[in-house]
Amino acid sequence: MFALTPVLVAIVCTLIAWIYKNADRSIERRKGELKARCESRPWVDEDLRDSTALHQVEEDADQWQESEEDTEHIPFPHTRYPEKEMVERSREFYELLSKRRSVRFISNEQVPMEVIDNVIRTAGTAPSGAHTEPWTFVVVQDPDVKHKIREIIEEEEEINYMKRMGHRWVTDLKKLRTNWIKEYLDTAPVLILIFKQVHGFAANGQRKVHYYNEISVSIACGLLLAALQNAGLVTVTTTPLNCGPRLRVLLGRPSNEKLLMLLPVGYPSTEATVPDLKRKPLAEIMAFLGGQAHPPAPAPSHPAPVCCCVTTSADQRSPQPGHRIRQSALKGKNQIFTEISLTDLSLSSSSDSGTVTGHHRV
């Protein structure tokens, strides 16, 4: 029996070595799978990734500005409309925005720059995490700069279509009749490039955390689209994949700014067409959770169809915290999406003029 002990020890040692060896292989396999997963999505643009974290790791806390705690709160001026007028105003606004379409055929006719100023002021009224206003709007009119932007984008977009995006994505875009040729980047009288500021800087040079910077800037983009529609201008939302760093250098933007979206803006050309797309009805995008049945009102019968000059306008807005939760569900699916208006997203006062954290003309 004792003679077998060395044999048993050898077996145990062999088993231990085998376990460790397989564990190493498993780790290497997981690393390989992770690498393959990343390589399978080569179209992901670093500039489009949200760097926000609820608890950001600060390598050097001395580099970060302390938040301002003493802010005066003022009465909120509110205009309340009669119910009938509320319904009418809401319907008219819906009917206006229901005609908004992505237009890729844009005339070279010049647009009033006061209109561009006003729509960007409107975008600057968007709520933002802790009222940090982490956006910069770069307005480009110079033909040479516009053409350089087009060259950068078309070079990268051809690679996107041919290699990065994949067959499924390219196939899904065929109904829109779009490709890597972006003529509207030359013809549109104005290009608006929207950058998110992943962090800011205080007057003393210390960094300021920009909470939910991508969500905040995305909300501002939505308001900008609505303002353009209201002014009678057209655009198409573009997110130039893998172009952000080169465009940032071209436009002389700092490293804390990442390109989120580009909007060519102008009037539609006389030969402009759009695909005959239909939007989902209300029943497919809203789930009503209430005590009394609420049948949706019928929809309208008609078919929904940088010279570098820096100007900054500032306002004083009182953060008005709000907390609202609304749930909506996709019809026929067991998925519930929750929309939360976070308490740290400040609401703008209706009496204030819009703030433009960065409004640059090229």
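Along every chain, residues carry numbers that run from 1 in the direction the sequence is written. Given that this is a predicted model, residues contribute local features only at a pLDDT of at least 70 and side-chain atom pairs are listed and counted only at 80 or more, while totals for whole chains, interfaces and linings are drawn from all residues. Side-chain metrics rest on all non-hydrogen atoms present in the structure, leaving aside hydrogens and water.

Help me understand unusual backbone geometry in this model?
Working note: non-glycine residues mostly have negative phi, and peptide bonds are mostly trans. Although it is not a glycine, His131 sits at a positive phi angle of roughly 55°. A run of H or I in DSSP counts as a helix once it spans at least four residues, and a run of E counts as a strand once it spans at least two, with each numbered from the N terminus. Turning to its location among the elements, His131 is positioned in the loop between helix H3 (113–123) and strand E1 (135–140). Notably, Tyr212 is not glycine yet its phi reads approximately 50°, a positive angle. Counting through the fold element by element, Tyr212 comes out in the loop between strand E4 (207–209) and helix H7 (213–230).

Can you walk me through the pairing of E1 in this structure?
Two faces, one strand: in a regular strand the side chains alternate between the faces of the sheet. Most of E1 sits out of view: six of its six residues are buried. A pair of strands is considered paired only if DSSP assigns at least 2 bridges between the two. Bridge count for E1 against strand E2 (residues 190–197) is six bridges, and the pairing is antiparallel. Across the sheet, the residue bridging to Thr136 is Phe195, located in E2. Only protein chains enter the area calculation, which uses a 1.4 Å probe; residues under 20% of their type maximum are buried, those over 50% are exposed, and those in between are partly exposed.

Honestly, the pattern of salt bridges in this entry has me stumped. Any pointers?
Note on pairing: side chains with opposite charge can pair once their charged atoms come close. When a carboxyl oxygen of Asp or Glu is within 4 Å of a side-chain nitrogen of Lys or Arg, the pair counts as a salt bridge. With the rule as written, the count across this model stands at six salt bridges. Of the charged contacts in the structure, one is a salt bridge between Glu214 and Lys196, with a shortest N-O distance of 2.7 Å. Of this pair, Glu214 sits in helix H7 while Lys196 sits in strand E2, and the two are 18 residues apart along the sequence. When sorted by exposure, Glu214 lands in the same class as Lys196, which is buried.

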